[in-house]
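Residue strings, one per chain:
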Amino acid sequence: MLDRLLANAAPSAPLSRRGFLKLSAGATGGLMLGAALQPKLAHAQGGADGVLAMPFVHIRPDNTVVVIVKHLDMGQGSATGLATLMADELDADAAQVTTEFAPANAELYVNTLLGVQGTGGSTAMANSWQQYREAGATARAMLVAAAAKTWGVDPANVSISGGRISAGDRSASFGEMAEVAATQAVPESVTLKTPDQWVHIGKSFPRVDMARKTEGAVGMFGMDVQLENMAYAVSLRSPRFGGTLASLDDAKAREMPGVIDIIRLPDRATVIATSTWQAIQARDALSAEWDFSKAENRGTDALRREYTALLDQKGIEHYSAETPAAEAAQVIEADYFFPYLAHAPMEPIDVTVLFDGKTANFWTGSQLQTLDHMIGAQVLGLDPASVKVNTVWGGGSFGRRAIYDSHYVAEAAMVAQAWLAAHGQARPIKLVWTREDDVRGGYYRPMHMHRVRAGLDAEGKIAFWQQRLVGQSIVMGTAFEQYMVHGGVDASSVEGLGESSPYAIPGWTVDVHHPSVGVPVLWWRSVGHTHTAYVVETMMDELAQAAGADPVEFRLRHLADPRARGVLELAVEKAGEVPDGLTRGIAVHKSFGSYVAEVADVRMREDGTVKVERVTCGVDCGVPINPSNIEAQVQGGLGYGLSAVLREEISMTDGEVDQSNFYDYTPLRISDMPQVEVHIVRSTEAPTGIGEPGTPPIGPAVANAVRRATGIAVRELPFSRHGLA
């Protein structure tokens, strides 16, 4: 039966290495990553029930302004950012603004920088900056037109402020004018406010999710979704990536309380029960034998030996500076090792599905709605119009929910399809990945090794810089390959190097190896910047010391980008003098169009471990839409990066992941978190990303402080490998 289900799901789409469908470019209706698409505002829709309904905003009779959020909010505040843009141009009061997630509809809700509806690459504000302001200004113009018609006055005499519409002694709420506004013509063009007219932009607009999260609102996250007669599914998967199920003894599990059914798929067995706990207990009672003949059977040590051998061989050239290398008076050589990393969001992967044979509904924290929508439809053999993806709040992601093969949606669809075939009646099923499932068998930041050989000339300036990387490609073999692989190099692995760096380094060359490994890899918060920034900024510090130069002055000597210079000078100025007993390290990096410098003051404890006491940050992310949210994102990104460099690593023995939960994949503890100061440049440039740029500089900043305090150059992560954490 399973073969028939898979054949019906997608006759032309082969199963990927994880056992799920690869999305072809045509399946998205025109997947165009990086395309500069024109935003669409579309027309107002009716006046049903007195609502002014437009694609990006609904104004209801109760005076509620509902901002339709096309991006997933997984804690990074994108919903609040979009609400800020809308409220400002609409002249709404913050108290009347709320949000709802948009349905999967790439035509209306495309991410104009990705070419699909989705959230990633710190693009939420950058691609929505113009779009949501225009939508707000359009709705405002229609409210003004409605008031002018109702009161018989010239539209020029109608004003809006703080959510009230006024003309002379007449006044009305948005809600009172919504129905008439819905009948007005949509203006062909609108004039946006100038910065001096902004009311909310650049201020601290209140978080739209704060009250709901504080109160523990029911049904907010995917894990909260409750439907009548819902069943729960948990899967037993191969302990090695690429393993298949050779045999299964489920007799004991079927007799356990709450077990409804057990569905066998090629690379897993799924228990369906009346509660998650019962499903987990029964899953653990399954007895399986696995075929590892096509699995990834190498462990970390074996892979590392192979990577090290590749460091001795010329790779594919990525970058070669136009400026030739000069003769060097001093040369520094260094090898770096970065382990696999798990995303470990607080809410593990989950998705609820209801499939009746003709239509399907999915409820999940969808980060790439277009892919989730199309792959869900492919698996179920449905027209996409018959499939609905209901996006709910995500309890963290860090890249984990932005999955190129939508594997958890595909898995849920396969389970729902098999359920319907076996039982003949639709039933909502919630598929849950436990934390152990995700840590042992999820997707990871790729393991990387770097080798750098850099020289200084007689004047203490960089004479040349030769860099080689070895690491898996994230996108080769996926639908993203045609957009992100150039000349055999995965762009995500080398971002921050060469031409994308704010440094002007003569004789800089970069070449790359992308070995084939069966471990599934995925973008992880800040993606390639997580290792490239570490290498560049620690090497810059070592070169500065070799040149007898101050580390700040040495960087300024080589920084060609004035915005990078600006954040570095700002962070250093605000950091002030180094407190007694502490050692200082610095790093500056550009990622996702934004510039972040971090000054870390650390203390070496008596037991030899490091305590980061304070971090001072300089940030330039263009127009600061919501300063308090920018501060929160830099604090969170910094903490996430510090957590990784201190103790986190995924290792494997004979192809099986050694870690399983927070006791052995150890995240940052509250006691590890430093005091963080964030200082934001009041830029007039267009907004750029902020969800990720705070992550890359913290590792090298701390490493530079540790090296200056102890003489230990930490080139192999995490710090715990060296007894430093």
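These figures come from a predicted structure and were not determined experimentally.

Asks: Any chance you could explain the nonpolar core here in plain terms?
Replies: One recurring pattern in soluble globular proteins: nonpolar side chains tend to sit buried together. The biggest cluster of nonpolar side chains holds 74 residues, and the ones touching the most others in it are Y340, F362 and W523. Tallying contributions element by element places helix α11 (residues 407-423) first for this core, with 11 residues. When near neighbours in sequence (up to four residues on either side) are disregarded, F362 contacts V351, T352, V353, G376, L380, V387, K388, V389, N390, V409 and A413.

Asks: Would you explain the packing of helix α2 (residues 78-90) against helix α4 (residues 124-151) in this entry?
Replies: When two helices pack together, you describe them by how their axes are tilted relative to each other and by the distance separating the axes. Look at α2 against α4: their axes get within 7 Å of each other, and the N-to-C directions meet at 35°. Crossing of α2 over α4 shows right-handed handedness. Across the interface between the two elements, S78, G81, L82, L85, M86, E89 and L90 from α2 touch A124, M125, S128, W129, Y132, R133, A135, G136, A137, A139, R140 and L143 from α4.

Asks: Would you explain the packing of aromatic side chains in this entry?
Replies: Given two aromatic rings, their pairing is described by the distance between the two centres and the angle made by the two planes. All told, the structure shown has 16 aromatic pairs when counted by the stated rule. Between F101 and W393 the ring centres are 5.1 Å apart and the planes differ by 70°, which places this aromatic pair in the edge-to-face class. On the criterion of sequence distance, the pair formed by F101 in strand β4 (residues 97-101) and W393 in the loop between β18 (387-391) and α11 is long-range, its members being 292 residues apart. Neither F101 nor W393 differs from the other in exposure class; each is buried. Through pairs of rings, three or more aromatic residues link up here, namely Y404, Y443, F480 and W523. Looking at R304, its charged tip hangs above the ring of F337, at a distance of 4.1 Å from the centre.

Asks: Quick question: what am I supposed to make of the environment of E613 here?
Replies: Relative to the assigned elements, E613 resides in strand β28 (residues 610-620). We classify E613 as partly exposed; its relative accessible area is 26%. Here the alpha-carbon distance between E613 and F241, two residues 372 residues apart in the chain, equals 40 Å. Leaving out residues up to four positions away in the same chain, E613 has contacts with L582, D601, V602, R603, P674 and Q675.

Asks: What is the right way to look at the sheet that holds strand β1 (residues 52-54) in this model?
Replies: Strand pairing in a sheet takes place through backbone hydrogen bonds and is either antiparallel or parallel in direction. Ordered in space as β1-β2-β3-β4, the four strands form an open sheet in which the pairing is mixed. One side of each edge strand has no neighbouring strand; the edge strands of this open sheet are β1 and β4. When the angles between neighbouring strand axes are averaged without regard to direction, this sheet yields 20°. Judged from the three bridges that link them, β1 and strand β2 (residues 57-59) form a sheet pairing that is antiparallel. Looking at β2, one finds that L52 is bridged to I59. Against the sheet, α4 touches β1, β2 and β3 (65-69), its axis set at about 155° to β1. The strands touched by helix α5 (residues 174-181) are β1, β2 and β3; relative to β2, the strand with the most contacts, the crossing angle is about 110°.

Asks: Help me understand the sheet that holds strand β25 (residues 508-513) in this model?
Replies: Reading across from one edge, β13-β25-β22-β21-β14 is the order of the five strands in this open sheet, with mixed pairing throughout. In the strand order of this sheet, the two ends are held by β13 (316-320) and β14 (330-338), each with one partner. Sheet twist, expressed as the mean angle between neighbouring strand axes with direction ignored, is 15°. Direction of pairing for strand β22 (residues 462-471) relative to β25: parallel, over a ladder of six bridges. Bridge pairing in β25 places Q466 opposite T509.

Asks: Explain the pairing of strand β6 (residues 164-167) to me, please; I cannot follow it from the model alone.
Replies: A regular strand places its side chains on the two faces of the sheet in alternate fashion. The alternating pattern of β6 places I165 and A167 on a buried face, while none of R164 and S166, on the opposite face, is buried. Relative to β6, strand β5 (residues 159-161) runs antiparallel, the two sharing three bridges. Looking at β6, one finds that S161 is bridged to R164. As consecutive antiparallel partners, β5 and β6 are separated by two residues, and within that stretch G162 has a phi angle of approximately 60°, a positive value. Across four bridges, the pairing between β6 and strand β7 (residues 170-173) is antiparallel.

Asks: Help me understand the pairing of strand β26 (residues 583-591) in this model?
Replies: By the criterion of burial, β26 is predominantly enclosed, with seven of the nine residues buried. Bridge analysis of β26 against strand β27 (residues 594-604) gives nine bridges, and the strand direction is antiparallel. Each residue of the ladder has a partner; that of A587, found in β27, is E598. The hairpin formed by β26 and β27 contains two residues between the paired strands, and F592 there has a positive phi angle of roughly 55°.

Here is what the cut-offs are and how they apply
- Residues numbered from 1 in each chain as written.
- Predicted model: local features only at pLDDT ≥ 70, side-chain atom pairs only at ≥ 80, totals over all residues.
- Heavy atoms only, no water.
- Core = buried A, V, L, I, M, F, W, Y, C linked by side-chain atoms within 4.5 Å.
- Buried < 20%, exposed > 50% of the residue type's maximum accessible area, 1.4 Å probe, protein only.
- Helix = DSSP H or I, 4+ residues; strand = E, 2+ residues; numbered from the N terminus.
- Contact = heavy atoms within 4.5 Å.
- Axes fitted to C-alpha atoms, helices over the stretch in contact; angles between N-to-C directions.
- Left-handed = near helix turned anticlockwise from the far one by under 90°.
- Phe/Tyr/Trp six-rings, centres within 6.5 Å; stacked < 30°, edge-to-face > 60°.
- Lys NZ or Arg CZ within 6 Å of the ring centre and 35° of its normal.
- Pairing = 2+ DSSP bridges.

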